Amino acid sequence: MSLYDDAVLVLKGYEGQDELRQSYLDHLTAHPDGMWKACHAGHVTASALVLDPERGRVLLTLHRKLRMWLQMGGHCEPGDATVAAAALREATEESGMAGLTLLPGGPVRLDRHPIPSPCHWHYDVQYAALAPSGAVAAISDESLDLRWFPYDEVASVADESVVRLLDASRARL
């Protein structure tokens, strides 16, 4: 099964955000290359919010280009077998942590957001990942900083999309 086929199956099985979910499916139908960064009409991305429920905290990255506190995530790559694998790969690379595990049940949220030219949209499929006990984070080249925040501080440092993702992730826990 191709990554494109996996994305379609994941989106068809995702419950909630019906109108937005349909826009993802419509985009992929109209753009068979819609999984890849080269699709300038927009492309699917995969992200994961790294949680440490034992300590009630979340790991955020200060994105180098956007200069915003965000969850880990990014573009799908040809070696990604599934959208979930892409999200886990991105979270592992950007957090520097081995042993992350995605929360069961598939994506936690969808978030479509505009991006600078030449592309137009990121169709982000968002997961939640659990940090192993005692894991130590390490800043990647894509980040200016990497920091744990208590759940109740996230709204003061991140935008509303991250807060919605945190709320949905905590509800899934």
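So, here's what we can say about the structure.

## Here's the deal with unusual backbone geometry
Then step 1. Despite not being glycine, Gln17 has its phi angle at roughly 50°, a positive value.
Then step 2. If you trace the backbone, Gln17 turns up in the loop between α1 (3-13) and α2 (18-30).
Then step 3. Phi angles above zero are rare outside glycine, and Arg67 is one such case at about 55°.
Then step 4. Tracing the sequence through the fold places Arg67 in the loop between β2 (57-63) and β3 (69-70).
Then step 5. Judged by relative accessible area, which is 59%, Arg67 ranks as exposed.

## Some thoughts on the nonpolar core
Then step 1. In this structure, Leu28, Met35, Val50, Val83, Leu100 and Val125 are the most contacted members of the largest nonpolar core, which totals 30 residues.
Then step 2. Looking at this core, the elements with two or more residues in it are α1, α2, β1 (43-52), α3 (83-95) and β7 (121-130).
Then step 3. Apart from the residues within four sequence positions on either side, Met35 is in contact with Leu3, Tyr4, Ala7, Leu28, His43, Val44, Cys76 and Val83.
Then step 4. Counting residues in each nonpolar core, the second largest holds 18 residues, with Leu62, Leu70, Leu103 and Phe149 among its members.

What counts, and where the lines are drawn
Residues numbered from 1 in each chain as written. Predicted model: local features only at pLDDT ≥ 70, side-chain atom pairs only at ≥ 80, totals over all residues. Heavy atoms only, no water. Helix = DSSP H or I, 4+ residues; strand = E, 2+ residues; numbered from the N terminus. Buried < 20%, exposed > 50% of the residue type's maximum accessible area, 1.4 Å probe, protein only. Core = buried A, V, L, I, M, F, W, Y, C linked by side-chain atoms within 4.5 Å. Contact = heavy atoms within 4.5 Å.

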